[in-house]
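Take a look at the letters that make up each chain.
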Amino acid sequence: MENFKPYPSPFIEAEEAQRIETNIYRDKLENVQLERENMVFDAKVDSMALSNLVHNKHALTEIELCTELQELRANVKAEELNKQSCIQELQLKQNMELMELNNKYEDKCREVDKIMTLEDEMDTRVKEIKIRKNRELERATELNAHNVACELKKKDKWKEELENANKLAQRQERKHLAAKNENKRLTEAIQKAELMKIHLLMDLEEYEKYKVKQRANQGRLNKLKKERHQQKVEKELLLQANYTSFESLVLNLSHTESKTCQPVIFAIIYRPPGPYSEFLAELSEFILNLVLSSDKILIVGDFNIHVDKDSDSLSSAFMSLIDSVGFFQTINEATHRLN
């Protein structure tokens, strides 16, 4: 069977067309209303702006008028103040002139008062001077009388003093004679004492000479003792020098005039190559004997020891022995080329 499509009726098409037209009309109406509303809003905005402008213009004019009024009032006040200041200045000038006149009048009155007081003071001073002169005259007369009486008394005293002085002079003459006699006696005693002094000085000189001789003899004895001591030390060192592991020679150097200085010992040692156990023991004994006899020791010689080699056992033992006694090694390199 074939399918047939139904044809639309004309009423339906008309309704649809009418509906479309109504929708279009509605849209147009809405647009028109919106345009009207926009126009109304724009008109309101314009009217508001115009009213604001007018209001602002009126406000500006009012402000300008107010400022002009204030300026006018300020000018009026300034003129009034100027007038008042002028009036006050004039019043001050008048007051100052009046004050100056019053001061001048008062100064003149004071000067007159001073003059009057000075005249009064002059009168009183003249009166006082007259009174003082009269008193001084009275005192002068009294003093004159008193001085005359004092001079008379002094003359009497001087007479008494002269008599007493004469008596004292006589007494002093007597004492002087006695002193002369005593002086003679003392001079004789002094002469005897001087003679005794001379004898004592001679005895002292002899005693000093004896002391000098005794000191010289004592010095000689000390030298002899020192030489004997050195000889003993040398003998002991020579006796102890009979060592089998090395050969030695010892010199004892000392100053003949010094008493306190210790001698300087100069030792020379030769050690032949070979075993060293006996050498170390004998060398330590030899060095100790030297140290006991003096603290100034110098040891030289040929030890046949490689001091420059740290690995050598003999070298390390030898250096430790020297350090323990207080000696130090001055040679730091080999003294032989071949060994």
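Just above, that's the structure.
Residues numbered from 1 in each chain as written. Predicted model: local features only at pLDDT ≥ 70, side-chain atom pairs only at ≥ 80, totals over all residues. Heavy atoms only, no water.

J.: Hey, could you go over the overall build of the protein chain for me, with residue numbers and the actual values?
T.: Helix and strand counts for the protein chain stand at three helices and three strands. Ordered by position in the sequence, the α and β elements of the protein chain form the string α-β-β-α-β-α. A buried classification covers 10% of the 339 residues belonging to the protein chain. Considering only contacts in the protein chain between residues 6 or more positions apart, those separated by 24 or more positions represent 63%. As displayed, the protein chain offers around 30800 Å² of accessible surface, 57% of which is attributable to carbon and sulfur atoms. (Helix = DSSP H or I, 4+ residues; strand = E, 2+ residues; numbered from the N terminus. Buried < 20%, exposed > 50% of the residue type's maximum accessible area, 1.4 Å probe, protein only. Contact = heavy atoms within 4.5 Å. Areas by Shrake-Rupley, 256 points an atom, 1.4 Å probe, with all protein chains shown as cover.)

J.: Give a description of the nonpolar core that names residues and reports values.
T.: Generally speaking, soluble globular proteins have nonpolar side chains that are buried together. Phe-279, Leu-283, Phe-286, Leu-290 and Phe-303 are the most contacted members of the largest nonpolar core, which totals 20 residues. Aside from chain neighbours lying at most four places away, what touches Phe-303 is Ile-269, Arg-271, Phe-279, Leu-283 and Phe-318. (Core = buried A, V, L, I, M, F, W, Y, C linked by side-chain atoms within 4.5 Å.)

J.: Give me helix 3 (residues 313-325): which residues, what numbers.
T.: Between its terminal C-alpha atoms helix 3 stretches 19 Å, which fits the 18 Å expected from 13 residues at 1.5 Å a residue. All of the buried residues in helix 3 are Leu-314, Ser-315, Phe-318, Leu-321 and Ile-322. Axial view of helix 3: buried residues confined to an arc of 130 degrees, hence all on one face. For helix 3, the exposed residues set more than 90 degrees away from the buried face come down to Asp-323 and Ser-324. Next to the buried residues of helix 3 lie helix 2 (277-293). Measuring from the side-chain oxygen of the N-cap residue of helix 3 to the backbone nitrogen of Leu-314 gives 3.3 Å; that N-cap residue is Asp-312. Backbone geometry just downstream of helix 3 places Gly-326 in the positive-phi region, at approximately 110 degrees. (Expected span 1.5 Å × (residues − 1). Arc of directions from axis to C-beta. Polar contact = N/O pair within 3.5 Å; in protein donor to acceptor, adjacent residues only side chain to side chain.)

J.: Which residues make up helix 2, and what values do they have?
T.: With 17 residues, helix 2 extends 25 Å between its outermost C-alpha atoms, agreeing within 8% with the 24 Å of an ideal straight helix rising 1.5 Å per residue. Taken together, the buried positions of helix 2 are occupied by Phe-279, Leu-280, Glu-282, Leu-283, Phe-286, Ile-287, Asn-289 and Leu-290.

J.: How would you explain the sheet that holds strand 2 (residues 264-270) if you had to name every residue and give the values?
T.: Pairing in this open sheet of three strands is mixed, and the strands run 1-2-3 from one edge to the other. Here the strands that pair on one side only, and so sit at the sheet edges, are strand 1 (247-253) and strand 3 (296-302). Each adjacent strand pair in this sheet contributes to an overall mean axis angle of 15 degrees, direction not counted. Seen against the sheet, helix 2 touches strand 1, strand 2 and strand 3 and runs at an angle of roughly 170 degrees to strand 2. (Pairing = 2+ DSSP bridges. Axes fitted to C-alpha atoms, helices over the stretch in contact; angles between N-to-C directions.)

J.: Please give an account of the pattern of salt bridges that cites residues and values.
T.: The full count for this structure, using the stated rule, is two salt bridges. Note that Arg-110 is salt-bridged to Asp-107, the shortest N-O span being 3.8 Å. Of this pair, Arg-110 and Asp-107 both sit in helix 1 (residues 10-240), separated by three residues, roughly a single helical turn. A salt bridge links Glu-182 to Arg-185; the shortest N-O distance between them is 2.0 Å. Placement of both Glu-182 and Arg-185 in helix 1 is noted, with a separation of three residues, approximately one turn of the helix. For Glu-182, a relative accessible area of 34% puts it in the partly exposed group. (Salt bridge = Lys/Arg side-chain N within 4 Å of Asp/Glu carboxyl O.)

J.: Tell me about a positive patch on the surface, and name the residues and values.
T.: A contiguous patch of positive charge on the surface is contributed by Lys-167, Arg-171, Arg-174 and Lys-175. Examined against the element boundaries, Lys-175 turns out to sit in helix 1. (Patch = residues over 30% accessible without salt bridge, like charges linked within 9 Å, V, L, I, M, F, W, Y side chains within 5 Å. Lys, Arg positive; Asp, Glu negative; His and termini not counted. Charge placed at Lys NZ, Arg CZ, Asp CG, Glu CD.)

J.: So what about the packing of aromatic side chains? Which residues, and what values?
T.: Inspection of the entire model under this criterion finds four aromatic pairs. Three or more aromatic residues joined by ring pairs make a cluster, and in this case those are Phe-246, Phe-279, Phe-286, Phe-303 and Phe-318. Directly above the aromatic system of Phe-279 lies the positively charged group of Arg-271, at a separation of 5.2 Å from the ring centroid. (Phe/Tyr/Trp six-rings, centres within 6.5 Å; stacked < 30°, edge-to-face > 60°. Lys NZ or Arg CZ within 6 Å of the ring centre and 35° of its normal.)

J.: Go over a negative patch on the surface, please, and point to the residues and values.
T.: On the surface, a cluster of negative charge is contributed by Glu-119, Asp-120, Glu-121 and Asp-123. Counting through the fold element by element, Asp-120 comes out in helix 1.

J.: Could you give an account of the pairing of strand 3, naming the residues involved and the relevant values?
T.: As a general feature of sheets, a regular strand has side chains that alternate between the two faces. Of the strand pairs in this sheet, strand 2 and strand 3 are connected by seven bridges, and their pairing is parallel. Paired with Ile-268 across the bridge in strand 3 is Val-300. In this view, the connection linking strand 2 to its parallel neighbour strand 3 by way of helix 2 has right-handed handedness. (Right-handed = clockwise from strand over helix to strand, strands pointing away.)

J.: Break down a nonpolar patch on the surface for me, with residues and values.
T.: A cluster of nonpolar side chains, Leu-249, Leu-251, Leu-253, Val-264, Ile-268, Leu-298 and Val-300, forms an exposed patch at the surface whose accessible area comes to about 540 Å². For the nonpolar patch, the elements supplying multiple residues, two or more each, are strand 1, strand 2 and strand 3. Among the elements that make up the nonpolar patch, the one with the highest residue count is strand 1 (three residues). As for its placement among the helices and strands, Val-264 is situated in strand 2.

J.: So, the packing of helix 2 against helix 3: which residues are in play, and what are the values?
T.: With their axes 11 Å apart at the nearest point, helix 2 and helix 3 run at an angle of 20 degrees to one another. Between helix 2 and helix 3, the interaxial angle falls into the category roughly parallel. As for the relative orientation of helix 2 and helix 3, their crossing is right-handed in sense. Of the residues in helix 3, those in contact with Leu-280, Leu-283, Ser-284, Ile-287 and Val-291 of helix 2 are Leu-314, Ala-317, Phe-318, Leu-321 and Val-325. Here the residues of the contact of helix 2 with helix 3 are counted per class, giving nine nonpolar, one polar and no charged. (Parallel < 35°, antiparallel > 145°, perpendicular 65-115°, else oblique. Left-handed = near helix turned anticlockwise from the far one by under 90°. Nonpolar A, V, L, I, M, F, W, Y, C, P; charged D, E, K, R; others polar.)

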